[in-house]
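Take a look at the letters that make up each chain.
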Amino acid sequence: MSNNLEIEKKYIVESLDKVMEYVDLDQCTKLFIEQGYLSNNPTIRVRKYNNDYCITYKSRIKNTSSKDVIVNREVELPLTEESYYHMIDKIDYNLIKKTRYKIELEQGLVAELDVFDGKLKGLIMVEVEFDNEKVADKFVEPKWFGKNVSADKKYKNLFLAQVESVDLL
């Protein structure tokens, strides 16, 4: 991410078995993530990554040249554990829980594979962040990536926090 811009593409993954045909997940960095939303316009999120905590402000940038690339202005600041738990009691909707695997791709890119738990158990998504939209437009996804859902609002984490079951997607 550069200049507080988050430029990414997001995909639905068919199954972990499909991923493991190409990737050894035991060799990947693994994070346990919890996140909740305090506001949706602008998006304000609190998140726990293993034992680190942060608050994030995100706002969508409307004028992008690509229809399947997500571009947000994003600012992330650290929180103390105490502040995180104080704020998590105030979230709207459901707390999202997921395990994230960081998978190295070609050209220095990193795929973040999210395996959801709780109400979203069974949902598996992967996203890749890019330095700019040109790089994102030229990206050729690996065979284990599924359908590109970057433009589908129902796969935004804020929407997912409102879903009561993965079957409703």
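Preceding this section is the structure that the text describes.
Residues numbered from 1 in each chain as written. Predicted model: local features only at pLDDT ≥ 70, side-chain atom pairs only at ≥ 80, totals over all residues. Heavy atoms only, no water.

Would you take a moment to explain the pattern of salt bridges for this structure?
When their charged atoms lie close together, side chains carrying opposite charge are able to pair. The full count for this structure, using the stated rule, is 10 salt bridges. Here Asp114 makes a salt bridge to Lys98, at a shortest N to O gap of 3.1 Å. One end of the pair, Asp114, is in strand β7 (residues 110-116); the other, Lys98, is in strand β6 (residues 92-104), and 16 residues separate them in sequence. The burial state of Asp114 is the same as that of Lys98; both residues are buried. Among the salt bridges present, the one from Asp114 reaches Arg100, with a minimum N-O distance of 2.7 Å. (Salt bridge = Lys/Arg side-chain N within 4 Å of Asp/Glu carboxyl O. Helix = DSSP H or I, 4+ residues; strand = E, 2+ residues; numbered from the N terminus. Buried < 20%, exposed > 50% of the residue type's maximum accessible area, 1.4 Å probe, protein only.)

What is the right way to read the packing of aromatic side chains from this model?
Each aromatic ring pair is characterised by the separation of its centres together with the angle its planes make. For the coordinates displayed, the defined rule picks out seven aromatic pairs. Ring geometry for Phe139 against Phe145: centres 6.0 Å apart, planes inclined by 50°, an arrangement best described as tilted. Classification of Phe145 by relative accessible area gives buried; the value is 7%. (Phe/Tyr/Trp six-rings, centres within 6.5 Å; stacked < 30°, edge-to-face > 60°.)

Would you mind going over the environment of Asp24 with me for this structure?
Among the structural elements, Asp24 can be located in the loop between α1 (16-20) and β2 (29-40). When the C-alpha atoms of Asp24 and Glu133 are compared, they prove to be 29 Å apart, with 109 residues separating the residues in sequence. From its side chain, Asp24 meets the backbone nitrogen of Asp26 in a polar contact 3.1 Å long. (Polar contact = N/O pair within 3.5 Å; in protein donor to acceptor, adjacent residues only side chain to side chain.)

Please clarify how the pairing of strand β5 (residues 70-79) should be interpreted in this entry.
Consecutive side chains along a regular strand alternate between the two faces of the sheet. Pairing analysis gives four bridges linking strand β1 (residues 5-12) to β5, with the strands arranged antiparallel. Residue pairing in the sheet places Glu8 in a bridge with Ile70 of β5. Relative to β5, strand β4 (residues 52-60) runs antiparallel, the two sharing eight bridges. When the sheet's bridge partners are listed, Arg60 is paired in β5 with Asn72. (Pairing = 2+ DSSP bridges.)

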